[in-house]
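Structural overview for review
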Amino acid sequence: MENNRIDLLIHNIGTLITMQGTQEPRRGDEMSEVAAVRRGSVAITDGIIIAVGTEEEVLAQIAELPVTHKHDAEGKLVTPGLIDPHTHLVHGGSRENELALKLKGASYLEILAQGGGILSTVRSTRQASEEELYVKAKKSLDTMLSYGVTTAEAKSGYGLTLEDELKQLRVTRKLDQEHPVDLVSTFMGAHMVPEEYKGRSQEFVQLLIEEMLPEVKRQGLAEFCDVFCEHGVFSVEESEQILLAAKAMGFGLKIHADEIEPIGGAQLAGKMGCISAEHLIAASDEGLEAMQRAGVIAVCLPATSFNLRLKHHARARKMIEIGLPVALSTDYNPGSSPTESIQLVMTLGCLNLGLTPEEVLTAVTINAAHAIGKADTIGSLEAGKQADLVIFNAENLAYLPYHFGINHVHSVFKQGKMVVSDGNLIH
Ligand SMILES: N=CN[C@@H](CCC(=O)O)C(=O)O
Ligand SMILES: [Zn+2]
C-alpha cells in the first residue's frame, strides 16, 4: 500500500453492502448478489476507498498507518451512494394543475396534445432566468442528496431553442461544479416539438441536427443525447435521424422508448447501440430482446407509471429473466414524476415491478452507474473507487423499501467528505 495515512476510517458498520463483483452491468441472478458483510469497515484517503470489508480485514490491510478521523456507524446499514440515472432536474414552474385533469380521466398524451404537459413547462422554463432555474434545481438536488443520492443524470429539453437549451445545460454544469452531488449532463432538445414548429417536425429535427447538437458539443455541455420516441412526439424514423447525428458527433445515446405505446423505441435502442433505454412500460418482447442482444441497459421508472395511474408497469421481471441489466430512477420532472425520492422508487421497484430489495439496490447503484457510463469510479464500494456512501437508519437492506414513504438516511459521505449528518445537509 502506497498511502502513508488513512484520512477517515468508518467502523462499526452493522451491515456493509459493497456491491463488489463483476464490473459488467449485472444481469439475471447477478442482480441479487450485493456482497454484504457483517461488522464492516471502510478506510478512505483523498476521497478514495483504500480498503473495505470486515473490520478485521480492513485493519489488517491498513496495518500501522495512522488514522486521522474515525467515524462510528453505530451498527447501522451502509451502502454505496445511490445513483439516479434519469432526471429532468433543471426546469421552470410546476404542474399541480394537471392533477385535477388526471383525476377527471385525462391521459398524459391528451394533456400534452392540448398544449399542456411538457409544453407548459417549456413556457415556464423559457421565462425563467438562469439564476431562477439554478435556485430551483439546487433545492431539488439538496433533496436528492438528503435521500442518499450522490450522483445523478440531468437532461435538458424544456428550452427547445438553442439559447434556452444552453441555459438549462449551463445550470447543470454550474450545479455539477458547486454541489456535492455529481451531475452527468444529457442534451434532450428532442424532448418535444415546440409550439412554433407544430406540424413542421422535420424542420425542427434539422434544427436539432444542424444547429443545436453541434453547439452543445462545441461548448462541451453534455455527454449524452436523448430523444423522446413516442406517438405524437418523435417517430422512430425521426429519433433514428437525431441519434445517428448525435453518434457521429461523439455523444453517448439514450432514448425514452415505448413509454406509452409500443412503437419500436426499444428495437431502435438496440439498433443504435444506446447505452440505455428508459421507461419501456409498453416495450414488446422483440424490443426487449433487441436491447438484450445489443447490451442496452433498461432504466425503469416506476414512480412514473405510478403517477400516471397506469394499470401496468415496466416488465422488470421479464427483463431480468432474459438477461437485460435493469437500473431504476426517479425520472424527476414536473409532470410525469414530480418526486426526488429515490427511496420511494426503491419501494415501487419492489411492490410494482416485483424486484427484490437486492435487485433494487443493484439497480440504483452499480447498474445505474453503468447507465451513465460511470461504473469505473462509482456504483460499488471497492478499493480505488470514490468513497461515496450512505449510512441508513436501518439494520438491514429489506427495511428500506419495506418501511416506505419516509427518509431513512442518517449520513452521506461524498468522496470521503460528510455532506449529510444525522439527516441534515452540511455542505
Ligand atoms: N416522457 C417524457 N419526458 C418526461 C416527462 C416530462 C414531463 O412530463 O414534463 C418523462 O421521462 O417522463
Ligand atoms: Zn424522462
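As the structure is a computational prediction, the values presented were derived from the model and not from experiment. (Residues numbered from 1 in each chain as written. Chains lettered and ligands numbered in written order. Predicted model: local features only at pLDDT ≥ 70, side-chain atom pairs only at ≥ 80, totals over all residues. Heavy atoms only, no water.)

Notes on the site of ligand 1
Ligand 1 sits among 15 residues. The nearest are Y108, Y158, E259, D331 and S336. Within the contact set of ligand 1, a nitrogen atom lies 2.8 Å away from a side-chain nitrogen or oxygen of H191. In this structure, S336 approaches ligand 1 through a side-chain N or O atom, which is 2.5 Å from an oxygen atom. Considered on its own, ligand 1 offers 330 Å² of accessible surface; in the complex 100% of this is hidden by protein. A molecule is said to occupy a pocket when more than half its atoms come within 2 Å of that pocket's grid points, and by this definition ligand 1 occupies the largest cavity. Its residues assigned to classes, the shell around ligand 1 comprises four nonpolar, eight polar and three charged. (Near = heavy atom within 4 Å. Polar contact = N/O pair within 3.5 Å; in protein donor to acceptor, adjacent residues only side chain to side chain. Areas by Shrake-Rupley, 256 points an atom, 1.4 Å probe, with all protein chains shown as cover. 1 Å grid on protein atoms, 1.4 Å probe; cavity = no way out; pocket = protein on both sides within 12 Å on 5 of 7 lines; lining within 4 Å. Sits in = over half its atoms within 2 Å of the grid points. Nonpolar A, V, L, I, M, F, W, Y, C, P; charged D, E, K, R; others polar.)

Notes on the sheet that holds strand β9 (residues 224-229)
The strand order across the open sheet built from eight strands is β6-β7-β8-β9-β10-β11-β12-β13, with neighbouring strands paired in parallel fashion. Looking at the sheet topology across the chains shown, the edges are occupied by β6 (82-84) and β13 (326-328). Averaged over all adjacent pairs, the angle separating strand axes in this sheet is 25°, with direction ignored. In terms of strand pairing, strand β12 (residues 297-300) meets β13 through three bridges, oriented parallel. Paired with V299 across the strands is A327, a residue of β13. (Pairing = 2+ DSSP bridges. Helix = DSSP H or I, 4+ residues; strand = E, 2+ residues; numbered from the N terminus. Axes fitted to C-alpha atoms, helices over the stretch in contact; angles between N-to-C directions.)

Notes on the side chain of K385
With respect to the secondary-structure elements, K385 resides in the loop between α15 (366-371) and β14 (389-392). Look at K385: it is buried, it has no salt bridge, and the nearest opposite charge is E382 at 4.4 Å. Within polar-contact distance, the side chain of K385 engages the backbone oxygen of I378 at 3.0 Å. In this structure K385 touches Q23, G47, I48, I49, I366, A375, D376, T377, I378, G379 and S380, once residues within four positions along its chain are discounted. (Buried < 20%, exposed > 50% of the residue type's maximum accessible area, 1.4 Å probe, protein only. Lys, Arg positive; Asp, Glu negative; His and termini not counted. Salt bridge = Lys/Arg side-chain N within 4 Å of Asp/Glu carboxyl O. Contact = heavy atoms within 4.5 Å.)

Considering the domain arrangement of the protein
Segmenting the protein into domains produces domain 1 (6-80 + 379-425) and domain 2 (82-371). One C-alpha centre belongs to domain 1, the other to domain 2; they are set 29 Å apart. With 36 residues of domain 1 in contact, the opposing surface of domain 2 contributes 33 residues. Of all residues in domain 1, the largest losses of buried area upon contact with domain 2 belong to M31, P401 and K414, amounting jointly to 22% of the total for that side. Here domain 1 and domain 2 share one salt bridge between them. The interface formed by domain 1 and domain 2 contains 13 residue pairs in polar contact (both at pLDDT 80 or more). Where the side of domain 1 that touches domain 2 is concerned, the elements lending two or more residues are β5 (77-80), β14, α16 (399-402), β15 (409-414) and β16 (417-421). In terms of residue count, the dominant contributor to the side of domain 1 that touches domain 2 is β15 (four residues). For the side of domain 1 that touches domain 2, a count of residues per class yields 20 nonpolar, 10 polar and six charged. (Domains from an automatic or database assignment. Buried area = accessible area lost by both parts, 1.4 Å probe.)

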